[in-house]
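Next come the chains, spelled out residue by residue.
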Amino acid sequence: MFNALHPTASGSRFRISYEFFPPKTPEMETQLWESVKRLEALQPHFVSVTYGAGGSTRERTHHIVARIARETKMKPAAHLTCVSASRAEIDAIIKDYWDAGVRHIVALRGDPPGGVGTPFMPNPLGYPTSTHLVRGIKSIADFEISVSTYPEGHPESANIEQDLDALESKIDAGATRAITQFFFDNDIYFRFLDRARARGITIPIVPGIMPIRNFRQVAGFAQKAGASVPRWLAERFEGLEDDSETRALVAATTAVEQVMGLARAGVEEFHFYTNNRADMVFAICHLLGVRPVREKADA
Ligand code: FAD
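These numbers were taken from a predicted model, which means no experiment stands behind them. (Residues numbered from 1 in each chain as written. Predicted model: local features only at pLDDT ≥ 70, side-chain atom pairs only at ≥ 80, totals over all residues. Heavy atoms only, no water.)

### What about the packing of helix α2 (residues 58-71) against helix α3 (residues 87-99)?
For the pair α2 and α3, interaxial distance at closest approach is 11 Å and the crossing angle is 15°. In terms of orientation, α2 lies roughly parallel with respect to α3. Taken as a pair, α2 and α3 cross one another with a handedness that is right-handed. Two secondary-structure elements touch here, α2 through Arg 58, Thr 61, His 62 and Val 65 and α3 through Glu 89, Ile 93, Asp 96 and Tyr 97. Broken down by class, the residue content of the contact of α2 with α3 amounts to 3 nonpolar, 2 polar and 3 charged. (Axes fitted to C-alpha atoms, helices over the stretch in contact; angles between N-to-C directions. Helix = DSSP H or I, 4+ residues; strand = E, 2+ residues; numbered from the N terminus. Parallel < 35°, antiparallel > 145°, perpendicular 65-115°, else oblique. Left-handed = near helix turned anticlockwise from the far one by under 90°. Contact = heavy atoms within 4.5 Å. Nonpolar A, V, L, I, M, F, W, Y, C, P; charged D, E, K, R; others polar.)

What follows is the structure, encoded as structure tokens:
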């Protein structure tokens, strides 16, 4: 069923990126680097590293991004938010990235320090919106800048048009790629894409794919992030709370179906929320025909 896209292992038309988060423990750190190494073989377009809420992972994000730049062949992208920092502090981080050889930033406003649902109060000395941050980054150095976008609307937006306004202003400020919040119903993405294209937005709007490792956790996250969880998806995971093996198989099948559905409709770029784990994402990429380079050489 799936091999219709890529009958051979020789090359792929797909452009892939992977997202990691800064680990908290030495065990999680080991897992992160194992995953980074495994996914490096697939030659992603870039790999990004998130920035903890409120800037809580500032040093750890920098450490991982700089190490990827130093020790791998991959191009790292550092996430950066406006939260809880002055413009001078953020500008210093941006300059440090440039000095470390990093050329790509995922620029975000960030969640309100009081938590999702509370009003966002910008630091009076900071960047008030993601648009200001994008402009600030561009004024420091010629970084490539990716930004977020929300096919189902950001929780603080009154409607999708407001999200498209925000996206347009981020593009005007210098962003050249949008990565979507995760979604599980591909029609939502296509409708959003149509609306964006109808407004003349031409930059890539790359679908963010979230393989589901822990359904309850993802459902909770989705509720805060303004992403809907279809009933059929909840039903797929029903009764599997104590069966991690079956859960993993259902999760992989679900993510593969979603990605193949997008690919069949012409999507060629994917951003994977890896949760610092390579296995499922590696399998999805394999089915897309994205294979380790050594395999291509042998073919
Ligand atoms: P924005 O585009 O800034 O939009 C937020 C709200 O403000 C929307 O309602 C929008 O309509 C409005 N708005 C935007 N611009 C303007 C403007 N110029 N004037 C008035 N209103 C405006 N969070 C982290 O803490 N760290 C991360 O590393 C991180 N990575 C992420 C990666 C991706 C791909 C995505 C989709 C989200 C990520 N987030 C991250 C979450 C994000 O920080 C939150 O969703 C946050 O609430 C919004 O920031 P934003 O830049 O995504 O949204």
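### Details of the packing of aromatic side chains
If you walk through the whole model with that rule in mind, you get 9 aromatic pairs. Summarising the aromatic geometry, the rings of Phe 14 and Phe 270 are spaced 6.0 Å apart at their centres and angled 50° between planes, so their arrangement reads as tilted. Residue Phe 14 is found in the segment before β1 (15-20), and its partner Phe 270 is found in strand β9 (residues 269-273); the two are separated by 256 residues along the sequence. For Phe 14, a relative accessible area of 8% corresponds to the buried category. Residue Phe 270 is classed as buried on the basis of its relative accessible area of 0%. (Phe/Tyr/Trp six-rings, centres within 6.5 Å; stacked < 30°, edge-to-face > 60°. Buried < 20%, exposed > 50% of the residue type's maximum accessible area, 1.4 Å probe, protein only.)

### With respect to α3
The first and last C-alpha atoms of α3 sit 18 Å apart over 13 residues, in line with the 18 Å expected at 1.5 Å per residue. Listed in full, the buried residues belonging to α3 are Ile 90, Asp 91, Ile 93, Ile 94 and Tyr 97. Along the axis of α3, the buried positions cluster into a sector of 155°, meaning they face one direction only. Counted as exposed and oriented over 90 degrees from the buried face of α3: Ala 88 and Asp 99. Against α2, β3 (76-81), β4 (104-108) and α4 (130-140) lie the buried residues of α3. The positive-phi residue at the C-terminal boundary of α3 is Gly 101, with phi of around 90°. (Expected span 1.5 Å × (residues − 1). Arc of directions from axis to C-beta.)

### Some remarks on the sheet that holds β9
Ordered in space as β7-β6-β5-β4-β3-β2-β1-β9-β8, the 9 strands form an open sheet in which the pairing is parallel. In this open sheet, the two edge strands, each paired with only one partner strand, are β7 (205-206) and β8 (208-209). In this structure, strand β5 (residues 144-149) lies alongside strand β6 (residues 177-180), joined through 4 bridges in parallel fashion. Across the sheet, Ser 146 pairs through a bridge with Arg 177, a residue of β6. (Pairing = 2+ DSSP bridges.)

### Considerations on the confidence of the model for the protein
Keep in mind that low pLDDT regions are not for reading the predicted coordinates in detail. Here the protein shows a mean pLDDT of 93. Residues at 70 or above account for 94%. Low pLDDT (under 50) marks residues 1-10, which in the prediction has 18 contacts with non-local residues, meaning those over four places away or in another chain. (pLDDT = per-residue confidence, 0-100.)

### Some remarks on the pairing of β6
The alternating pattern of β6 places Arg 177 and Ile 179 and Ala 178 and Thr 180 on opposite faces, both of which are buried. Pairing between β6 and β7: 2 bridges, direction parallel. Bridge pairing in β7 places Ala 178 opposite Ile 205. Taken together, β6, helix α6 (residues 186-198) and β7 form a β-α-β motif whose crossover is right-handed. (Right-handed = clockwise from strand over helix to strand, strands pointing away.)

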